[in-house]
Amino acid sequence: MAAVQTQNQTQDPGLAPKSTSSWWFRHEERIAPFLYISPFFILFTIFGVFTVAFTAWVSLHDWHIFDTAHGGGTFIGLDNYARLFEDARFWRSATNTFSILLMATIPQMFLALILAELLNDRRLRGPHIFRSGLLIPNITSVVAITIVFQSLFGRHYGLINVFLDFLGFEMVNWTASRIGSHLAIATMVNWQWTGYNTLIFLAAMQSIPKDLVEAAQVDGAGRIKRWWKITVPLLRPTVLFATILSVIGNFQLFAQPLLFAPGVGSLGGNDQQFLTILLYLYNMAFRQFQFGYASAIAWMLVLITAVAALIVYAGVGILNRRENRAALGAKATRRRASAGQEVGA
Amino acid sequence: MRMRWLAAPLALALVLGACATDDDNGADPAPEDTTDAPDDADDADDEAAADPDADAEPVTLSMWTFTGMNLDDLVSQYEEANPHVTVQIQTTEHGDHHDALFTELAAGGGPDIAAIEVAFINEMAQQNQLWRNLYDYGAADIEGDFLDWKIEQAQNVDGDHLIGIPTDIGGMAMAYRWDLFEEAGLPTDRDEVSELWVDSWQDFIEVGAEYTEATGRGFVDNESNLWNAVVNQDPETFFDADGNPIFDQSDQVQYAWDVVVDAHEAGIIAEVPAWSAEWEAGMSDGSFAVIGAPAWMMGYIMDVAPDTEGNWDLAEVPEAGGNWGGSHLGVPSASDNPEEAYALIEWLLSPENQLYQFTEYGQFPSIPELFDTEEVQNFENAFFNNAPVGPIYADNAERVVAQNTGPNYNSIDDEFQNGLGRIIDGAESPEEAWESTINNVRGQLGL
């Protein structure tokens with residue numbers, strides 16, 4: 001566009017008076033791109049950066065919800081953070097969050113990888129039906145999912161307990177037990193997100209060169225071996241991406257535990273057995289009205305999430321490096337072996 | 001204590017996603033409309049011509065209520081009688097309503113009229129800068145009509161700033177299934193049933209033990225509703241009259257705790273969590289036979305268990321008294337039309353209209369002179385086997401004493417109910433649960 005204007009200028013100088021060709025014309029080319037992308041950054045600054053920074057500011061105060069209307073709370077420095085470290089309930093919520101995170105992420109990734117492999121089969125009839133079917137849980141409202149699962153996990157008439165009873169096992173009081181409630185909540189998360197991850201993995205699988213898999217097939221590798229030794233390693237960057245997203249998503253777990261047990265939900269059960277960090281934050285801010293402390297929890301959550309994402313990232317990095325070294329090692333051995341053969345011949 | 005709708009599942013649909021948009025839709029249109037209206041000269045003239053109150057300018061009032069208040073018919077009547085007034089009612093679930101209201105107030109906004117439930121009224125009365133002083137608009141002329149304790153709940157400490165006018169009260173009775181009582185060989189007549197337990201909660205537990213032994217089923221629905229029925233029978237629970245926290249030494253708190261623990265040890269608690277789907281199902285399928293029932297609970301039972309019509313009856317509550325629920329209507333400071341808002345509130349909560357709400361929706365009036373009227377005294381409810389609902393609740397209402405609901409009442413109450421829940425779940429012994437509860441409350445209050 002700038003080029004066109006320069007051309008116009010040279011062809012018909014009369015149309016462009018000297019005044020306009022001054023500052024703006026000289027700088028337009030450099031400034032315009034920034035103006036084009038600025039709407040996002042302006043909005044992001046107002047609704048992203050400002051709110052996050054303001055939360056940090058609030059977290060340094062003893063700030064009751066109604067202090068907001070008249071200028072803010074009392075400055076107390078890092079007291080809220082100090083309180084956080086001694087708050088047994090916060091650490092319980094952190095442990096719960098990690099426990100649910102593990103129960104939700106690991107089986108979900110495995111299941112998604114297996115489903116993606118099955119869906120990638122060229123012999124599969126009507127693949128679109130299956131693929132779109134996988135997305136249905138994902139587009140269902142969290143609240144609807146939770147209500148259905150809450151009734152499945154009901155203590156007296158829940159389908160799962162009725163089934164356990166039929167098989168001769170004891171009924172489980174899902175909401176009362178710590179492991180039981182984590183399992184129930186992780187099940188809801190898995191149900192909603194496995195299909196989504198499957199589709200991501202499926203897309204990545206389709207970009208894997210067929211000759212690699214076929215070569216392995218010719219070499220006599222079975223289907224499971226091909227999947228585990230060729231497909232899964234090649235999907236590693238995608239799995240990393242999905243895992244980080246899942247970790248971040250799980251740290252924001254809120255609706256499922258809140259709605260899981262009516263009445264006691266906002267405190268995560270009678271014994272805080274399924275209190276998540278975000279739920280505790282909500283409870284502090286909107287039940288106890290302690291905005292300052294709730295903001296401190298929010299910042300802690302940001303830190304924990306960042307650290308967890310880094311750990312996942314680093315873990316995969318280590319795995320990659322080890323693999324590369326192993327591959328190099330294998331190549332070297334092969335080379336030595338073939339060299340030896342040549343020598344022998 | 002409060003109506004525990006907060007965790008009713010659908011409630012949170014809003015908090016999660018639609019909350020922000022909901023606030024926008026609910027809060028913004030009203031101020032805009034009211035500022036626009038005077039500019040719209042033609043419209044204003046038309047309205048004024050039709051209006052008997054000729055110089056009244058058209059106003060739009062925004063009004064926030066929570067589910068179950070059912071003020072819509074009365075509001076339409078008011079709009080018909082006062083054509084210059086348009087009311088936009090926004091009704092959400094109990095928990096969402098208060099969340100949205102407090103967030104809006106915290107941001108310096110608010111509707112023209114807002115409902116405040118009893119669990120929050122004291123906290124709001126202490127934050128009285130957020131609310132218009134209704135004494136400035138004529139509340140002093142009508143405050144004498146209402147129960148003293150309901151007025152006191154909505155006053156600041158000095159008693160010169162009134163933030164709300166009382167709607168209904170939650171006087172207590174016990175709703176029981178006479179058909180299940182018959183099955184268990186217990187008396188079914190409401191007077192005989194009252195006689196069985198009216199003297200003490202211990203008698204109530206004994207009746208329950210007899211019932212559970214005969215039927216093998218739970219007697220009372222759950223620990224939290226039993227707790228609500230007992231603890232609210234005395235004004236000194238978590239706070240004394242001066243607002244000092246006494247939750248760890250209050251006799252009433254200890255007493256209510258012991259009643260629930262005894263009931264649990266007698267095995268009469270059905271362990272069906274309040275407000276859960278199983279609880280609602282339990283009202284029909286008989287997994288429990290008794291519910292502590294404030295007047296508004298009648299409407300709830302009729303709603304969720306329509307097939308049990310005629311199988312319920314009402315008896316007196318053991319040891320008499322107690323209040324669970326009930327609300328106020330107030331005018332947030334941000335309202336641009338406090339006079340009009342107050343006029344609507346005063347009309348809505350007049351004796352005739354409170355009587356209408358009672359006969360129509362089972363909300364028991366907060367105006368004592370109504371208690372002895374024929375309409376209340378002769379009111380029966382067919383769903384409850386033609387129980388004389390009016391006299392039962394009226395009788396109890398006269399014995400109700402106001403609780404001192406200090407700040408954080410709601411969260412303290414939650415901690416106690418959670419503590420009892422831990423005993424029921426078998427996670428802790430009663431002694432351990434008491435200790436952890438007291439520690440939790442202290443921790444949450446930063447004491």
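Fair warning: this is a prediction, and the values are worked out from it, not measured in the lab.

**Notes on the overall build of chain A**
Scanning chain A from N- to C-terminus turns up 14 helices and 2 strands. Burial analysis of chain A (345 residues in total) assigns 30% to the buried set.

**Notes on the nonpolar core**
Grouped together as the largest cluster of nonpolar side chains are 169 residues, with contacts concentrated most on Leu281 and Ile297 of chain A together with Ala173 and Ala175 of chain B. It is helix H13 (residues 277-287) of chain A that contributes the most residues to this core, 8 residues altogether. Among the nonpolar cores identified, the runner-up in size contains 7 residues, and Ala112, Leu113, Ala116 and Phe201 of chain A belong to it.

**Comments concerning the domain arrangement of chain B**
Residues and elements named next belong to chain B. Per the domain assignment, the segments of chain B are domain 1 (4-169 + 326-374) and domain 2 (172-323 + 395-445). Across the contact, 23 residues belong to domain 1 and 17 residues belong to domain 2. Listed by contribution, the elements that provide at least two residues to the side of domain 1 that touches domain 2 are helix H6 (118-126), helix H8 (148-153) and strand E4 (164-177). Counting residues per element, the side of domain 1 that touches domain 2 draws most heavily on H6, which supplies 7 residues. Classifying every residue of the side of domain 1 that touches domain 2 by side-chain character gives 12 nonpolar, 7 polar and 4 charged.

**Thoughts on helix H6 (residues 142-152) of chain A**
Taken together, the buried positions of H6 of chain A are Val143, Thr146, Phe149 and Gln150 of chain A. Seen from one end, H6 of chain A has its buried residues packed into an arc of 130°, which puts them on one side.

**Side note on the packing of helix H12 (residues 223-231) of chain B against helix H20 (residues 409-424) of chain B**
All names here are of chain B. As a packed pair, H12 and H20 sit with axes 9 Å apart at the nearest point and diverge in direction by 135°. On the basis of their axis angle, the class for H12 and H20 is oblique. Every pair of crossing elements has a handedness; the one defined by H12 and H20 is right-handed. Residues Glu223, Ser224 and Trp227 of H12 lie in contact with H20, whose contacting residues are Phe416, Gln417, Leu420, Gly421 and Ile424. Its residues placed into classes, the contact of H12 with H20 shows 4 nonpolar, 3 polar and 1 charged.

**Section: the environment of Asn381 of chain B**
All names here are of chain B. The residue Asn381 is located in the loop between helix H18 (374-377) and helix H19 (389-397) in this model. Taking the C-alpha atoms as reference points, Asn381 and Asn122, separated by 259 residues in sequence, lie 33 Å from one another. In this structure, Asn381 is in contact with Met298, Asn386, Ala387 and Val389, ignoring residues within four places of it in sequence.

**What about the confidence of the model for chain A?**
Note: predicted coordinates in regions of low pLDDT should not be interpreted at a detailed level. All names here are of chain A. Residue-level pLDDT values for chain A average 85, and 88% of them are 70 or greater. Ranking the elements of chain A by mean pLDDT puts helix H1 (residues 2-11) last with 46 and helix H8 (residues 178-206) first with 94. Confidence drops under a pLDDT of 50 for residues 1-11, and excluding neighbours within four residues, the segment shows 5 contacts in the predicted structure.

**Quick word on the confidence of the model for chain B**
Residues and elements named next belong to chain B. Summarising the model, chain B shows a mean pLDDT of 84, and 87% of its residues fall at 70 or more. Summarising per-element confidence for chain B, the mean pLDDT is lowest in helix H1 (residues 11-27) (38) and highest in helix H11 (residues 201-215) (96). Note that pLDDT drops below 50 for residues 1-51; the model gives that stretch 99 contacts with residues more than four away or on any other chain. At the level of chain-chain contacts, confidence expressed as ipTM amounts to 0.74, with global pTM at 0.78.

Basis of the calculations
- Throughout, a residue's number is its position along its own chain's written sequence, starting from 1.
- Both sets of labels track the order of writing: A upward for chains, 1 upward for ligands.
- Restriction of local features to residues with pLDDT of at least 70 applies here, the model being predicted, together with a cutoff of 80 or more for giving and counting side-chain atom pairs; totals for whole chains, interfaces and linings are based on all residues.
- Secondary structure elements follow DSSP: runs of H or I no shorter than four residues count as helices, runs of E no shorter than two count as strands, and numbering proceeds from the N terminus.
- Exposed residues have 12 or fewer other C-beta atoms within 10 Å of their own C-beta, buried residues have 20 or more, and residues in between are partly exposed; the C-beta atoms are placed from the backbone.
- Core membership is restricted to buried Ala, Val, Leu, Ile, Met, Phe, Trp, Tyr and Cys residues, and these are joined into a nonpolar core through C-beta atoms within 7 Å.
- For the domains described, the bounds stem from an automatic or database domain assignment.
- Contact definition: two residues whose C-beta atoms, as placed from backbone geometry, lie within 7 Å.
- Side-chain classes follow a simple rule in which Ala, Val, Leu, Ile, Met, Phe, Trp, Tyr, Cys and Pro form the nonpolar group, Asp, Glu, Lys and Arg form the charged group, and the remainder, Gly included, forms the polar group.
- The reported arc concerns the directions from the helix axis to the C-beta atoms and nothing else.
- Lines fitted to C-alpha atoms define the axes, with helix axes restricted to the stretch in contact, and inter-axis angles between N-to-C directions lie between 0 and 180 degrees.
- Our angle categories are set so that under 35 degrees counts as roughly parallel, over 145 as roughly antiparallel, 65 to 115 as roughly perpendicular, and the remainder as oblique.
- The crossing is said to be left-handed when, going from far helix to near helix, the turn is anticlockwise and less than a right angle, and right-handed when the turn is clockwise.
- Per-residue confidence from the prediction method is given by pLDDT, with values spanning 0 to 100.

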